[in-house]
Amino acid sequence: MADLVTCLEAAGLTASVGGLGYAKYRAPRVYWSLVGLPVARVRFSVTYRSTMDVCGLTVQPSAMRAYLTRTVARREVQPVAPKVRRVRGSSTGMRVVLRLPAGLEPADVAASCERLRHAWGVRSVTVREVKPGFVELRMTGYDVLARVRMPRRFKAQGPLVVPVALREDGTVFVRDYRKVPMALTLGATLSGKSMYQRNLIKGLAALPVALVGIDCKRGVEHSRYAPRLSALATTPQMAGSLLDVLVSEMEERFDLLALHEVSDLWDLPARVRPVPLVVLIDEVAELFLVASKKDEPARDHMVMQLVRLAQMARAVGIHLEVCGQRFGSELGKGATTLRAQLTGRVVHRVNDVQTAEMGLKDIAPDAVFAATTIPPDRPGIAVAGDTSGGWSRIRTPAITPGEAAAVCREFAHLTPQLPFLAPFRPVSRTVPPMPAAPPLIRPRPVTE
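All figures in this text were calculated on a predicted structure; none of them were measured in a lab.

## What to know about the overall build of the protein
Part 1 of the reasoning: The helix and strand tally for the protein stands at twelve helices and 14 strands.
Part 2 of the reasoning: Every one of the 448 residues in the protein was classed for burial, and the buried ones make up 44%.
Part 3 of the reasoning: Excluding contacts between residues fewer than 6 apart, the proportion of contacts in the protein whose partners are at least 24 apart in sequence is 64%.
Part 4 of the reasoning: Within the structure as shown, the protein displays about 24200 Å² of accessible surface, and the carbon and sulfur contribution to it stands at 56%.

If you want it as structure tokens, here you go:
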């Protein structure tokens, strides 16, 4: 009987270990909650003081504190480490709020993130300033970007906020058009750039905005979203005419702002407020390239109109979302000026360091190396930078063109009918069925 009980206990223990091993790879959230988080909290508590000292995140105490420690407490004077204010676990990692002593700044802690993650055995450590003197360490227990799962419930903090991807710390990366009105997305072929745009269109389709597409590859990318598009340009000539119309609309909206003595679209009364516009430009290089010298004046005019929109259209609710493989001065006049106005940057895997520098060096220099080390076998991973100098790795969830098109058809009733865009209204095309193959006629055997 005792042998039977021992065998059952051993079998149960083996099953538990096997279940945890299965969960580690197939259900990492479950494994982290059951095993990883308790181990990480113990390791953090036991090694915190020594880790801070080794990483150089301690400062010498003040003269008064050192004197009181020696004379009153009769203890050896030790360097002062950041004080732990709060430790909180999550389904993806752990968050720790630290109060920095005088002499340390958030940049000092951020510079030691790589050493901290190795010391505490976590996947990644990022630093975010909570308020002056306080920082939050966001630790990720496993590779969140291996299998991207967006939260089922997301509460938008504004009228033009779209959840697009997942950050490596488990938080949602959003496109907030009121905070970042113009953006540039770069990436090589098969890097996930189109996937990013599909997720963006999927989120924008459910919002009360007008979507304008510029796809000079004869509309192969944007034509499938026609039910939700208010306008679509499929050639450089159509794009030039469309940009002229958008600039005229921008000027009329400025007249409306001046009439109501406000400086922003959202300060207008709701009854007279025009609908926001999001202009989606796929492969922006096609707008700069010309076949002959006689086409250069038209190209220069079109680029000038595009730069005007990027510089001034934010206040009147017109936003640009520009995508391309490479975007530098070699495209021609106006390229560098336009790029400087696109404050939001998302860089996927690129073919050369220069392309990564074009997208990130002017706003987040530290992110250039991260963009050049994105592996080719993980499409959708990108580096997102912002004007504050911060950056983060993100990855968009996999979505097929058919799924994005289905969302556009579902919300086609939200497409605003704008008279000034009527000449560019796309027509939903029905793909003709493939003709049936003729029946196979086998030759009859020849008989003598």
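Once you've had a look at it, read on.
## Side note on helix 12 (residues 401–410)
Part 1 of the reasoning: Buried residues of helix 12: Ala404, Ala405, Val407 and Cys408, and no others. Down the axis of helix 12, the smallest arc covering the buried residues is 155 degrees, so these residues share one side. Opposite the buried face of helix 12, at more than 90 degrees from it, the exposed residues are Arg409 and Glu410.
Part 2 of the reasoning: The secondary structure elements touched by the buried residues of helix 12 are helix 6 (193–205).

## With respect to the environment of Pro82
Part 1 of the reasoning: Residue placement: Pro82 occurs in the loop between helix 3 (63–71) and strand 1 (83–89).
Part 2 of the reasoning: The exposure class assigned to Pro82 is buried, which follows from its relative accessible area of 3%.
Part 3 of the reasoning: The spatial distance from the C-alpha of Pro82 to the C-alpha of Phe134 is 9.3 Å, given a sequence separation of 52 residues.
Part 4 of the reasoning: Sequence-distant contacts of Pro82, that is, excluding residues within four places in its chain, are made with Tyr48, Met52, Leu57, Leu98, Arg99, Leu100, Pro101 and Leu104.

## Re the packing of aromatic side chains
The geometry of an aromatic ring pair is captured by the separation of the ring centres together with the interplanar angle, meaning the angle of the planes.
Part 1 of the reasoning: If you walk through the whole model with that rule in mind, you get two aromatic pairs.
Part 2 of the reasoning: With 5.2 Å between their ring centres and 55 degrees between their planes, Phe44 and Tyr48 make a pair best called tilted. Taken as a pair, Phe44 and Tyr48 lie in helix 2 (residues 28–54) at a separation of four residues, close to a single helical turn.
Part 3 of the reasoning: Overall, the relative accessible area of 10% leaves Tyr48 in the buried class.
Part 4 of the reasoning: On the basis of an interplanar angle of 70 degrees and a centroid distance of 4.9 Å, the ring pair of Phe44 and Trp120 is categorised as edge-to-face. Here the residue Phe44 occupies a position in helix 2, and Trp120 occupies one in helix 5 (residues 113–120), the gap between them amounting to 76 residues. As far as burial versus exposure is concerned, Phe44 and Trp120 are alike and both buried.
Part 5 of the reasoning: Among the aromatic side chains, those forming a connected cluster through ring pairs are Phe44, Tyr48 and Trp120.
Part 6 of the reasoning: Of note, Lys131 hangs over the ring of Phe134, and the distance from its end group to the ring centre comes to 4.9 Å.

## Considerations on the sheet that holds strand 6 (residues 172–176)
Part 1 of the reasoning: The strand order 6-5-14-13-12-7-11-10-8-9 describes an open sheet built from ten strands, whose pairing is mixed. If you trace the sheet from one side to the other, it starts and ends with strand 6 and strand 9 (229–233), each paired once. Strand-to-strand, the axes of this sheet are offset by a mean angle of 25 degrees, without reference to chain direction.
Part 2 of the reasoning: As paired strands, strand 8 (residues 210–215) and strand 10 (residues 277–282) are joined by six bridges and run parallel to one another. Residue Ala210 lies in a different strand from strand 10, and its bridge partner there is Leu277.
Part 3 of the reasoning: On the sheet, helix 10 (residues 353–360) packs against strand 7 (182–186), strand 12 (344–347) and strand 13 (381–385) and is oriented at approximately 155 degrees with respect to strand 12.

## Overview of the sheet that holds strand 4 (residues 134–140)
Part 1 of the reasoning: Pairing in this open sheet of four strands is antiparallel, and the strands run 1-2-4-3 from one edge to the other. A single partner strand is all that each edge strand has here, and the edge strands are strand 1 and strand 3 (124–131). Averaged over all pairs of adjacent strands, the angle between their axes in this sheet comes to 20 degrees, without regard to strand direction.
Part 2 of the reasoning: Sheet strands in contact with helix 2 are strand 1, strand 2 (93–99) and strand 4, and its direction is about 25 degrees off that of strand 2.
Part 3 of the reasoning: Most of the contacts of helix 5 go to strand 3, to which it runs at about 120 degrees, and overall it touches strand 3 and strand 4.

## Some thoughts on unusual backbone geometry
Most peptide bonds take the trans form, and the phi angle of most residues other than glycine is negative.
Part 1 of the reasoning: The phi dihedral of Leu190 is positive, around 65 degrees, even though this residue is not glycine.
Part 2 of the reasoning: On the secondary structure map, Leu190 appears in the loop between strand 7 and helix 6.
Part 3 of the reasoning: Judged by its relative accessible area of 71%, Leu190 is exposed.
Part 4 of the reasoning: Notably, Glu261 is not glycine yet its phi reads approximately 55 degrees, a positive angle.
Part 5 of the reasoning: A relative accessible area of 73% places Glu261 in the exposed class.

## Examining the pattern of salt bridges
Part 1 of the reasoning: Counted according to the given criterion, the structure contains 15 salt bridges.
Part 2 of the reasoning: A salt bridge links Glu136 to Arg128, with the shortest nitrogen-to-oxygen separation between them at 3.2 Å.
Part 3 of the reasoning: A cluster of three or more residues bridged by salt bridges with shared partners is formed by Arg123, Asp143 and Arg378.

## Some remarks on a positive patch on the surface
Part 1 of the reasoning: A grouping of Arg29, Arg147, Arg149 and Arg152 is seen on the molecular surface, where their side chains present a positively charged patch.
Part 2 of the reasoning: Note that Arg29 resides in helix 2.

## Here we look at helix 10
Note on helix geometry: an α-helix contains 3.6 residues per turn, so any two residues three or four positions apart are oriented the same way.
Part 1 of the reasoning: Within the span of helix 10, buried status applies to Thr355, Ala356, Met358, Gly359 and Leu360.
Part 2 of the reasoning: Where helix 10 is buried, its residues contact strand 7, helix 9 (335–341), strand 12, helix 11 (367–372) and strand 13.
Part 3 of the reasoning: Structurally, the start of helix 10 carries an N-cap: the backbone nitrogen of Gln354 is 3.2 Å from a side-chain oxygen of Asp352.

How each quantity is defined
Residues numbered from 1 in each chain as written. Predicted model: local features only at pLDDT ≥ 70, side-chain atom pairs only at ≥ 80, totals over all residues. Heavy atoms only, no water. Helix = DSSP H or I, 4+ residues; strand = E, 2+ residues; numbered from the N terminus. Buried < 20%, exposed > 50% of the residue type's maximum accessible area, 1.4 Å probe, protein only. Contact = heavy atoms within 4.5 Å. Areas by Shrake-Rupley, 256 points an atom, 1.4 Å probe, with all protein chains shown as cover. Arc of directions from axis to C-beta. Phe/Tyr/Trp six-rings, centres within 6.5 Å; stacked < 30°, edge-to-face > 60°. Lys NZ or Arg CZ within 6 Å of the ring centre and 35° of its normal. Pairing = 2+ DSSP bridges. Axes fitted to C-alpha atoms, helices over the stretch in contact; angles between N-to-C directions. Salt bridge = Lys/Arg side-chain N within 4 Å of Asp/Glu carboxyl O. Patch = residues over 30% accessible without salt bridge, like charges linked within 9 Å, V, L, I, M, F, W, Y side chains within 5 Å. Lys, Arg positive; Asp, Glu negative; His and termini not counted. Charge placed at Lys NZ, Arg CZ, Asp CG, Glu CD. Polar contact = N/O pair within 3.5 Å; in protein donor to acceptor, adjacent residues only side chain to side chain.

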